[in-house]
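Read off the chains here:
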Amino acid sequence: MTPAAPPRERLRVAIQRSGRLATPSRDLLASCGLTWRESRDKLFCYGESLAVDLLLVRDDDIPGLIADGVCDLGIVGRNVVAEHDLARSENDSGDALTELRELGWGRCRLDIAIDAGEAWHGPAQLAGQRIATSYPRIVGAWLREHQVQADVVMLSGSVEIAPRLGQADVVCDLVSSGATLAANNLAPVATLLHSEAVVVGPSHPLEESRGDLAELLLRRMDGALRLKETRLLMLRSPRGELPAVMNHLPEGHEPTITAVDSGAGGGQDEVSLQMLCHGAVSWQRLEDLKRAGARQLMVLPVEGMLA
Ligand code: PRT
Ligand code: ZN
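This report concerns the structure included in the present document.

What counts, and at which threshold
Residues numbered from 1 in each chain as written. Chains lettered and ligands numbered in written order. Predicted model: local features only at pLDDT ≥ 70, side-chain atom pairs only at ≥ 80, totals over all residues. Heavy atoms only, no water. Pairing = 2+ DSSP bridges. Helix = DSSP H or I, 4+ residues; strand = E, 2+ residues; numbered from the N terminus. Axes fitted to C-alpha atoms, helices over the stretch in contact; angles between N-to-C directions. Contact = heavy atoms within 4.5 Å. Buried < 20%, exposed > 50% of the residue type's maximum accessible area, 1.4 Å probe, protein only. Near = heavy atom within 4 Å. Polar contact = N/O pair within 3.5 Å; in protein donor to acceptor, adjacent residues only side chain to side chain. Areas by Shrake-Rupley, 256 points an atom, 1.4 Å probe, with all protein chains shown as cover.

### Here's the deal with the sheet that holds strand β10 (residues 170-175)
Read from one edge to the other, the open sheet built from five strands follows the order β9-β8-β10-β7-β11, with strand pairing classed as mixed. At either margin of the open sheet sits one strand with a lone partner, and together these are β9 (151-154) and β11 (186-195). Recorded for the sheet is a direction-independent mean angle of 25° between the axes of neighbouring strands. When strand β7 (residues 108-115) meets β10, the two strands line up antiparallel, connected through five bridges. For L110, the partnering residue across the bridge sits in β10 and is L174. Lying over the sheet, helix α3 (residues 78-90) contacts β10 and β11, oriented at roughly 75° with respect to β11.

Here is the structure:
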């Protein structure tokens, strides 16, 4: 009998090797304080600052690697996870993965699109039609939900040109700006899924040391995501104008207001205000603040924060 392999102590995270999610995934992990050494074949990164290694793969392989226990966490589009989960439940081969975090980037929709010149009266219109897609299970489930019988034509790429090539009548594909559909004379008519990049893990809790590492990483991700959206707003205002200025402040934390020492001959009673804002501060907002009496306005990114 072969002895059982010792339990894996290091956490393994699967991310896309190249493609839309590759750089933001790496940037996010780097902003969590991870540093790594990349293998020569660029498929594996050995974590140096924490016992967290990265596996660089095709995005389609990420859910399977987690379900099979080869990796503990993954960063991937919700669309890929949903298709994988449906495949697993159809084959009765394990539970759905757990979506642990939404990352707010890689946003897109999985849409049915029909000829731009055609009117849309609802899903029943698709009966008997051929639908080209790379997401046959999501489309199949949606058709069943709407009790429509149609043929699903699985294509791994170039879905949008399928109607022009005579391979299908309509398509179901990922859409972000909509430019690709428009260029192919197609119009989106129904959304099957709203997607973005997500962190996924297995359906069961991770074993002790890897579980602790996963928690630490997710906590740091939360901090990094919050920071990315946080700005520090600084301004000065005459004390008398402060109520008007306060009316125009963006959403955020309670502002800190301090008296400015006017000893150097300034004379005017002035205050300095600083506050952490949720999200970017628009030019319009700055102009409104200035009109209300504020001056020396400054908006800064925040590098680190520990409450
Ligand atoms: O090689 P690998 O298999 O890893 O990569 P891939 O080619 O399968 O994936 P990739 O890198 O193209 O996309 C990775 C993930 O990004 C997807 O699974 C989605 O979760 C997300 N994403 C976000 C998108 C889009 N936006 C998107 N617009 N994925 C694909 N597209 C394609 C779409 O298929 C269509 O061809 O872009 C075109 C439409 O774009 P618009 O802007 O013209 O509407
Ligand atoms: Zn892919």
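### Concerning the environment of P205
On the secondary structure map, P205 appears in the loop between β12 (197-201) and α6 (208-228). The exposure class of P205 is exposed, given its relative accessible area of 73%. Considered as a pair, P205 and D72 are 133 residues apart in the sequence and their alpha carbons are 9.8 Å apart.

### Considerations on the site of ligand 1
Taken together, 23 residues are adjacent to ligand 1, and R58, N79, E160, S177 and T180 come closest. Within the backbone of R20, one N or O atom sits 2.9 Å away from an oxygen atom of ligand 1. Relative to its free-state accessible area of 850 Å², ligand 1 is covered by the protein chains to the extent of 77%. Where the shell around ligand 1 is concerned, the elements lending two or more residues are α3, β10 and α5 (179-183).

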